[in-house]
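Each chain, letter by letter, is given below.
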Amino acid sequence: GLHGGSDERGFIVLVLYLYISARYTDSAGGYWYQQNAQLGSVTRNRFIHWATSGGTLELMEESLDINLLSNAIQLKFQNCSLLPGGVHIFETQNHVVILILTNQTVHRLILPHPARMYRSELISESHMQSVFTDIGKVHFRDPLNYCVIPTVPGLSVHSSASAAWLSSDGGALFALPSATGGIFVLQLPSYDVHGMTSPSVLELKQSSVMQRLLTGWMPTAIRGDQGPSDLPVSMSVHCREHDTLLFALYQDHKLRMWSYKDQICLMVADMLEFVPVNKDLRLAAGTGHKLQLSYSETLGLYIGVYLHAPKQGQFCVFQLVSTESHRYSLDHISSLFTSQETLIDFTLTTSEIWALWHDDENQTTVKYINFEQNVAGQWNQVSMQPLPSEEVDIRDNQHPRIYSQGTERLTDLSWDELKKQITTTVENEFQGNVAEYEFSHEEFRQLQVESWSKFYAYCLQYQEELSRPLALLWNQCSNMVCLLKKGQLSFLVPCSLMDHLYLLPDEQLINEVEKSEFTHDLVSLVQCLRLIGESVTVEMTLKMEMACFCRQSPERAAEQILKDLIANDTENLMEDIHSKLQEIKNPIGAIGVLIREMDYETDMEMERGFNIVQPLNVRMHLSQLYGSSTTVNMVCRCVCKMSMTRFFICRDLLILQQLLLRLGDAVSMPRGDCLSSRNFILRESNLQHLSVLKLTDSSALAPLKLVSSPQTIVELFFQEVARKHTISQLFQSDAALDEAGLNWPQMFSAICSYLLQFLWPSNPCFLFPECLMGACQYTQLQEYIRLLEPWCHVNVGSCRFLMGHCHLVMGEGHKALDCFCQAASEVGKEEFLDRLIRSEDVEMTSTPRLQYYDKVLRLLDTMGLPELIIQLATLAITEATDDWRSQATLRTCIFKHHLDLGHNSQAYEALIHNPDSNYCIRPEFLKLCSSRCFGLRFPQFLTAGIAILNVWFLFFLPIAGTVMFEYEMRLGREVRTLAGLQKQPNCYLAALNCLRLIRPEYAWIVQPASGAVYERPGGSPKRSHDGECTVAPMGSQIEILELQDLERECMLARIRLTLAQHDPSTTAITGNSSPKELVTLLVQAGLFDTAISLCQTYNISLKPVFEGLTFKCVKLQFGGEAALTEAWDWLAANQFSSVITTKETRYVIYFV
C-alpha cells in the first residue's frame, strides 16, 4: 500500500507498507548530473543527495544556481530497512532513474529528466521545479519497477553490501550477497517493455558446475560452501560499452572482479600481499573493508581499497590493467597507512583520497592526501567549522525560546506557529509534572526552568544527531567535495594560505616548513601567534572586540591583554614565544608577508554589469550562476569564517608586536608595522560585524522572501549586487566561456576574493553601502559608516552623503545638512558622487559642486524641509560667485521657500538681489505683493531706481489690473445701483491701461474665483446672513484673461450703464446679467443699435433683435397716437442719421 502526506520539515512523505524489518546502519550518498559543470546546461551545478535511516529514505535535489521547488521527498518503507548504500541514481537521455534496495524488496523510480521538463534551454528564472515535483504520480507497486527479493537464493544476513546499475537496454540490475554464498543479480526488465515480463535472477559463484546445479535444493550446511570467500563486504560496478565489471571485496581479504556478460570471475587479487604485517589480519574476517572506484577517460580505472585492521588501517590504490587477450591485473600505485580512527566513508579520485573519520573523542574529521606525490604519507586535515552556538533565554515577561545562529532544514511552519506548538508542548509537560496545587513563585519558576531545560536538551540532541556525518560526495567534473550528514549538507571549500597555517594542528604545522628561510620565518611567526591565541581567554577576546566596536585604540587593548597574559603566565608562555622569536631571522619581512596575504586592497575598477557583446543566451546563463540561496549562504558563511579567523590573527599579531616593542633591542620592530596591524584588525573587525548584522523589515525586501530570503546584510549584498559583478569579472573574455567546465575550488576562491574586495572599505568600490541604502537598511548603514570613520580614508565624502541620507530618513534634518555639506568637498574626487550628479539632467552645469548642491536641494525638497533648503542654497551661492545663472536659480529657490514659510521680508531681499532681471518668478511675486508686508516695502520698492523698473512693469501693473478687475466684479455682485454701474467702466479702463503699459506676452491676468478674494492674508472673512463664515468654492478652474477679453468686458459694462440710464427700472438686474440676457433687455427697451453691437461682439444671433423690431412695427399699426409718440422715443434713442423724422415718413420701417 501507499500513503502520502507532508512532515514538519517540508518533505513530501510517501509511506509504503511492505514486510518484516531488519535494522541496518544509517547511510547517505548522492549523484551529480553528468553535465553539471557545463555552463549552458540545465543541470549545471545540480545534484541529488539522499540519506537512509531504518526504513526511511530522504531524497533532496539541490542546485547552486537556482532555487528548486518541491525538491525534497521522504519515502517510508514500512516493515523494511534500506541497505547501507542501497540507493543508486542514474541518468538517461529522458529520465532520472533511482534504484532502491531494501532487505526485502528492490524498487525503480523513473522521473523526468530536468532537460525534458522545460521548453527552453535558457535558465532565466530564479525558481524551477524539481524532478520530484510529480513524485505523487509514480506507481510504486508497478510490477515492472518493483520486485520482492526471492527466498531462493535469498539475501545474506551476514553482509549488507549491494550494487546496482542500468543495462544498455534499459533494464535495472541489483547485485546482492546471497544467503547460500556468493553474489546473485536480480534484474528488472526495461521500463518501456510491452507485455508481462517477470524479473530474472542470476548467481555469480566460483563453485563447480555440479555445485551450481545443486544450488537451490541442497542445504548450505550439507554443501559446506559458505565460507569467508563467499561473502562480499563491499561491491562496486564499472559499466563498459558491451559489458559490466562487478568488483567485490570479500571477507577473506580478496578482491574479485566479475564479468556480468560472461558470468565468470576475471580476476582475483589478495589484498594481504600489500600489507607489511598480515599474520594477525589473515586470521580475522575483513568485515570493515571498503571499496571505491574512480574512472577517467584518459587515465583509466582506479581502484581504492581500505583494509580495516584493529590497530592500523591501510589504503591501497590500484590501476586496472588489461591485455589484448582480455586478461586483467592490478598495477599497485600507492599504499597509505592511517591511525586508529574509525573510517566512516572515503571517496577516490584519480589523484587523491578523501576520508571521513571518527576519532577517539567521537569528533568528526575529514582528511585528504595525494597518493601519487605525497611520498611521506602525510594526510592533510580539513578545518571543520563547529556547530552553531545556541542559548536558551528565559525572561519574566516573555516565553522562552531557542535562538540559533544557523538554519538546518526547510520548514513549512512560520516562527509564530512553531513557537506556539513548542510552548504548548512544554506547558503540557510542565502541568503533567506538577503534583501540588500550591507552591511558591520560586518553586514555580524552578519547575519551569527544568521543563525548558529538558526541552533544550532534546533540541541539542536533535541538533547533534542531524549533524552526524554519514558520507562524502565528490563531484568528478568540478572537484567539489560535500559532507553528507543525517539532516544537513556541508560543503568543503578551499582555504587561503594564512587561514590554513593558523588553523593547522601543531604536528602538521611543523611539516609545512620548507627549505627556504622565508617560509621558515613565516611558519615560526604563525607558531608564535598560535601560542598567543591559545592563551587568550574569552574575556580578552571580548575586550579587543569592544575596543574596535567602540572605536577605541586597538593598541591599548592589545597592551592590556599582554599585561594580563604576563601576569597570569603559569606555563612559561613568554619564554616559549621568545624562543620562537629567536628562530625568526627577519621578523619584519615575515610580518609583511602575513599582512600582504590578508590584504584585499586593490585599485582595479570593477565593471558594472554583464558584457553586452556576449550573446543573449550566454548572458542569461551567467545571470543565474551561483545564485541559489544555498550558494549565497555558503559563500557568506565562508567569508564570515575567514573574517573571524583573520581577526584572531590580527589580534594575536598586535599582541605579539606589543611584546616585540617591550623586548626593545632584542628584536628590531619599528612602530610603523604596528599601525599596519592596527588597520588590519579594524578592517577584519568591520567584516566580522557585517557578517552578523541582521536585516531589518523593509518593504524593499518583500520580493526576496519567496523561498529563502537573506538573513544578513552580507547575504543581501551578495545575492542582489556582488554576485552579478563577480560573475561579470570572471567571464569577461570569450576564453573563460570556452573552457570545458566550472572548477569549483577555483571558482569559489575567486568568488570569495571578489566579495571581500567589494566589502573591503579601503577599495574605491562603493557597491556595498549603495546596496544598503537601496534596501532601506538605514540603521545598519549608519553603524557601518560609524565603524569606518576613525580609520578609513577612502570614499569619505560618499560615506558622509549616505550618512546624511540616513539622518534625513530618521527625521534628523540638521544632522543630515551637516553631512551633506561635509561631503561637498569630495565632489569630483569620488566615483559614487560623480555618478550621483550624472544620474539625471540638472539645470546647473557650471561646476560639479553646484550640480551636487542641486541634487541635495532636490532631495531636501522631496522631504519638505524649506528651512534646510534655504541654508544650503545660501551656502551654494558662495560657490557660484562667477556664475550669474546659478546664482539666479539659487536666489529664486531661496525666494520661493521664504515665501512659503511666510518670511516676506527675506523673500523680498532675495528677489531684489536676483541677478537675472528676466527670470520669471511672477507667481511668487504676486503672492508677495498680495501680502501685508508689501505695503510696508512699497516705498523702498519705488526708490530702488531704474534697476527695478522691469520688475515694476512686469509684476506690479498686472497686480493693479487684477485688483481693478476684482473691484469691478464685486461692484456687479454687491453694489447693484446706478452709481455702481457708473464705476464699472472706469475700473475696466484702469485695468486696460495697466496691461497696455507692459509687453504683450505678459499682458494677462488671472480671473479671481468667486469667494477666493476674501481669503487674502489680513482680509476680513465674508459671512452669510446668519453670521457664519462662507466657505470658498473648492476646485474652481483657473481662467486667464487677456487684453481683448478685458476690452469686451469693458464694452459690456458700458452697455449695462446705457440700459440703466435709459430704463432705471432695470438697474437692479442689469449689473450681473449675461450678454444674452442683456440683449433681451435691450430689445425690450428699444435700444436696437446697442443690441446689434453686443451681438456682433459676443457672436450672438441677431434673430431676437429683428423679432423684437418686427413686433414693435406691427404694434404701431394698431396702437393709435399714444403708441406712435412712444415709438418716436425709442427710435430717437437709437440715433440713426438715416431716419427722417417727419409725419409722412413716420410709418417707414426702421430697419429699411
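Residues numbered from 1 in each chain as written. Predicted model: local features only at pLDDT ≥ 70, side-chain atom pairs only at ≥ 80, totals over all residues. Heavy atoms only, no water.

J.: I'd like to hear about the overall build of the protein chain, residue by residue, with values.
T.: From N to C terminus, the protein chain includes 36 helices and 35 strands. For the protein chain, with 1152 residues in total, the buried portion stands at 49%. Expressed as a percentage of contacts within the protein chain between residues at least 6 apart in sequence, the contacts between residues at least 24 apart total 60%. Carbon and sulfur atoms make up 52% of the accessible area of the protein chain, which totals about 56600 Å². (Helix = DSSP H or I, 4+ residues; strand = E, 2+ residues; numbered from the N terminus. Buried < 20%, exposed > 50% of the residue type's maximum accessible area, 1.4 Å probe, protein only. Contact = heavy atoms within 4.5 Å. Areas by Shrake-Rupley, 256 points an atom, 1.4 Å probe, with all protein chains shown as cover.)

J.: Quick rundown of the UniProt feature "domain: NUP160 middle TPR" (unreviewed entry) in the protein chain? Include the residues and the values.
T.: UniProt annotation of "domain: NUP160 middle TPR" (unreviewed entry) refers to residues 760-918 and 960-997 when read in the numbering used here. Secondary structure within residues 960-997 divides into 89% helix and 0% strand; the distance between the first and last C-alpha atoms comes to 12 Å. (UniProt positions renumbered as here; feature names shortened; annotations may be inferred.)

J.: Mind laying out the pattern of salt bridges, listing which residues take part and the relevant values?
T.: Under the defined criterion, the tally for this structure stands at 24 salt bridges. Between Arg 1048 and Asp 1045 there is a salt bridge; the shortest N-O distance is 3.7 Å. Here Arg 1048 pairs with Asp 1045, and both are found in helix α32 (residues 1043-1062), just three residues apart, close to one helical turn. What you see here is one network of salt bridges that share partners, running through Asp 26, Glu 465, Arg 468 and Lys 486. (Salt bridge = Lys/Arg side-chain N within 4 Å of Asp/Glu carboxyl O.)

J.: I'd like a description of the sheet that holds strand β10 (residues 105-112), backed by residues and values.
T.: An order of β8-β9-β10-β12 is seen for the four strands of this open sheet, with the pairing classed as antiparallel. Taken across any chain shown, the strands that pair with only one partner, and hence form the sheet edges, are β8 (82-91) and β12 (146-148). If you compare each strand with its neighbour and ignore which way they point, the axes differ by 10° on average. As paired elements, β10 and β12 share three bridges and run antiparallel to each other. (Pairing = 2+ DSSP bridges. Axes fitted to C-alpha atoms, helices over the stretch in contact; angles between N-to-C directions.)

J.: Run through helix α35 (residues 1088-1098), naming residues and quoting values.
T.: All of the buried residues along α35 are Phe 1088, Thr 1090, Ala 1091, Leu 1094, Cys 1095 and Tyr 1098. All buried residues of α35 project into a common sector of 155° when viewed along the axis, lining one side. One or two steps after α35, the chain reaches Asn 1099, where phi turns positive at roughly 55°. (Arc of directions from axis to C-beta.)

J.: Could you give an account of the sheet that holds strand β20 (residues 264-270), with specific residues and numbers?
T.: Overall, antiparallel pairing links the four strands, which are arranged β17-β18-β19-β20 in an open sheet. A single partner strand is all that each edge strand has here, and the edge strands are β17 (232-239) and β20. Taken over all neighbouring pairs, the strand axes of this sheet differ in orientation by 20° on average, direction set aside. Both strand β18 (residues 244-250) and strand β19 (residues 254-259) contribute to a ladder of five bridges, which runs antiparallel. Residue pairing across strands places Leu 246 opposite Trp 258, the latter belonging to β19.

J.: With reference to specific residues and values, describe the environment of Leu 111.
T.: By the secondary structure assignment, Leu 111 is in strand β10. Not counting residues within four places of it along the chain, the set of residues in contact with Leu 111 comprises Asn 94, His 95, Val 96, Ile 98, Val 131, Phe 132, Ile 135 and Val 138.

J.: Can you lay out empty space enclosed by the protein for me, pointing to particular residues and giving the numbers?
T.: Counted under the stated rule, the structure contains four cavities of 30 Å³ or more. In this model, the largest cavity occupies a volume close to 70 Å³. In terms of lining residues, the largest cavity is bounded by 13 residues, among which Pro 761, Cys 765, Phe 766, Tyr 784 and Asn 795 are the most central. The residue makeup of the lining of the largest cavity, split by class, is 12 nonpolar, one polar and no charged. (1 Å grid on protein atoms, 1.4 Å probe; cavity = no way out; pocket = protein on both sides within 12 Å on 5 of 7 lines; lining within 4 Å. Points joined across faces, edges and corners; volume = space filled by probe spheres on them. Nonpolar A, V, L, I, M, F, W, Y, C, P; charged D, E, K, R; others polar.)

J.: Please give an account of helix α31 (residues 978-996) that cites residues and values.
T.: Here α31 is 19 residues long and its end C-alpha atoms lie 28 Å apart, about the 27 Å a rise of 1.5 Å per residue gives. Of the positions making up α31, those classed as buried are Gly 980, Leu 981, Gln 984, Pro 985, Cys 987, Tyr 988, Ala 991, Leu 992, Cys 994 and Leu 995. (Expected span 1.5 Å × (residues − 1).)

J.: Would you mind going over the side chain of Arg 44 in detail, with residue names and values included?
T.: Residue position: Arg 44 is located in the loop between β3 (27-32) and β4 (46-53). We classify Arg 44 as buried; its relative accessible area is 1%. A polar contact is formed between the side chain of Arg 44 and the backbone oxygen of Leu 39, at a distance of 2.9 Å. (Polar contact = N/O pair within 3.5 Å; in protein donor to acceptor, adjacent residues only side chain to side chain.)

J.: Provide a residue-level description of the nonpolar core, including the pertinent values.
T.: Counting 101 residues, the largest nonpolar core has Leu 625, Tyr 626, Phe 717, Phe 801, Phe 820, Tyr 852 and Leu 860 as the members making the most contacts within it. If one sorts the elements of this core by residue count, helix α18 (residues 744-759) sits on top with 10 residues. Looking at this core, you find at least three residues from each of domain 2 (493-606 + 615-700 + 710-794) and domain 3 (814-933). With residues near it in sequence (within four places) discarded, Phe 801 still touches Phe 820, Ala 823, Phe 832, Leu 833, Leu 836, Tyr 852 and Val 856. (Core = buried A, V, L, I, M, F, W, Y, C linked by side-chain atoms within 4.5 Å. Domains from an automatic or database assignment.)

J.: For the environment of Asp 169, give the residues involved together with the corresponding values.
T.: Relative to the helices and strands, Asp 169 resides in the loop between β13 (163-166) and β14 (172-177). When the C-alpha atoms of Asp 169 and Asp 192 are compared, they prove to be 9.8 Å apart, with 23 residues separating the residues in sequence.

J.: Hey, could you go over a nonpolar patch on the surface for me, with residue numbers and the actual values?
T.: Where nonpolar side chains cluster on the molecular surface, the patch consists of Leu 542, Met 546 and Phe 549 and spans about 250 Å² of accessible area. With respect to the secondary-structure elements, Met 546 resides in helix α9 (residues 538-549). What makes Met 546 partly exposed here is its relative accessible area of 38%. (Patch = residues over 30% accessible without salt bridge, like charges linked within 9 Å, V, L, I, M, F, W, Y side chains within 5 Å.)

J.: How would you explain the packing of α9 against helix α14 (residues 629-663) if you had to name every residue and give the values?
T.: In the contact formed by α9 and α14, the axes pass within 11 Å of each other and the chain directions differ by 100°. As the angle between them shows, α9 and α14 are arranged roughly perpendicular. Contacts between α9 and α14 involve Thr 541, Met 544, Glu 545 and Cys 548 from the first element and Phe 647, Phe 648, Arg 651 and Leu 654 from the second. Split by residue class, the contact of α9 with α14 holds five nonpolar, one polar and two charged. (Parallel < 35°, antiparallel > 145°, perpendicular 65-115°, else oblique.)

J.: Explain the side chain of Arg 1056 residue by residue, including any values.
T.: Along the chain, the position of Arg 1056 falls in helix α32. Setting aside its immediate chain neighbours within four residues, Arg 1056 contacts Glu 968, Leu 981, Gln 984, Thr 1070, Gly 1071, Asn 1072, Ser 1073 and Leu 1078.

J.: Residues and numbers for the packing of aromatic side chains, please.
T.: This model, assessed by the stated rule, comprises 26 aromatic pairs. Each residue in the set Phe 766, Phe 801, Phe 820, Phe 832, Tyr 852 and Tyr 853 is aromatic and connected to the rest through ring pairs, giving one cluster. The residue whose ring lies beneath Arg 256 is Tyr 250, and the NZ or CZ to ring-centre distance is 4.5 Å. Above the plane of the ring of Phe 549 lies Arg 786, whose end atom (NZ or CZ) is 4.9 Å from the centre. (Phe/Tyr/Trp six-rings, centres within 6.5 Å; stacked < 30°, edge-to-face > 60°. Lys NZ or Arg CZ within 6 Å of the ring centre and 35° of its normal.)

J.: Please provide a residue-by-residue account of the pairing of β8, values included.
T.: Along β8, seven of the 10 residues are buried, which leaves the element largely enclosed by surrounding structure. Direction of pairing for β8 relative to strand β9 (residues 95-102): antiparallel, over a ladder of six bridges. From the neighbouring strand, Glu 91 faces β9, where its bridge partner is Val 96. Connecting β8 to the next strand, β9, in antiparallel fashion are three residues.

J.: Quick rundown of the packing of helix α16 (residues 713-730) against helix α19 (residues 767-774)? Include the residues and the values.
T.: When two helices pack together, their arrangement is given by the angle between the helix axes and the distance between those axes. For the pair α16 and α19, interaxial distance at closest approach is 10 Å and the crossing angle is 120°. Considered as vectors, α16 and α19 are oriented oblique to each other. Crossing geometry of α16 relative to α19 is assigned as right-handed. Touching Ile 713, Leu 716, Phe 717, Val 721 and His 725 of α16 are Leu 767, Phe 768, Cys 771 and Leu 772, all from α19. Among the residues forming the contact of α16 with α19, the class breakdown is eight nonpolar, one polar and no charged. (Left-handed = near helix turned anticlockwise from the far one by under 90°.)

J.: Give me unusual backbone geometry: which residues, what numbers.
T.: Even without being glycine, Asn 79 reaches a positive phi, approximately 65°. As for its placement among the helices and strands, Asn 79 is situated in the loop between β7 (72-78) and β8. The phi torsion at Gln 263 lies on the positive side, around 60°, for a residue other than glycine.

J.: Please set out the confidence of the model for the protein chain residue by residue, giving values where relevant.
T.: Averaged over the protein chain, the pLDDT score is 78; the fraction of residues at 70 or greater is 76%. Under a pLDDT of 50 for its full length, residues 1-8 has, in the predicted model, 27 contacts with residues more than four places off or in other chains. Every residue in residues 697-707 is under pLDDT 50, and counting partners more than four places away or in other chains gives 21 contacts. (pLDDT = per-residue confidence, 0-100.)

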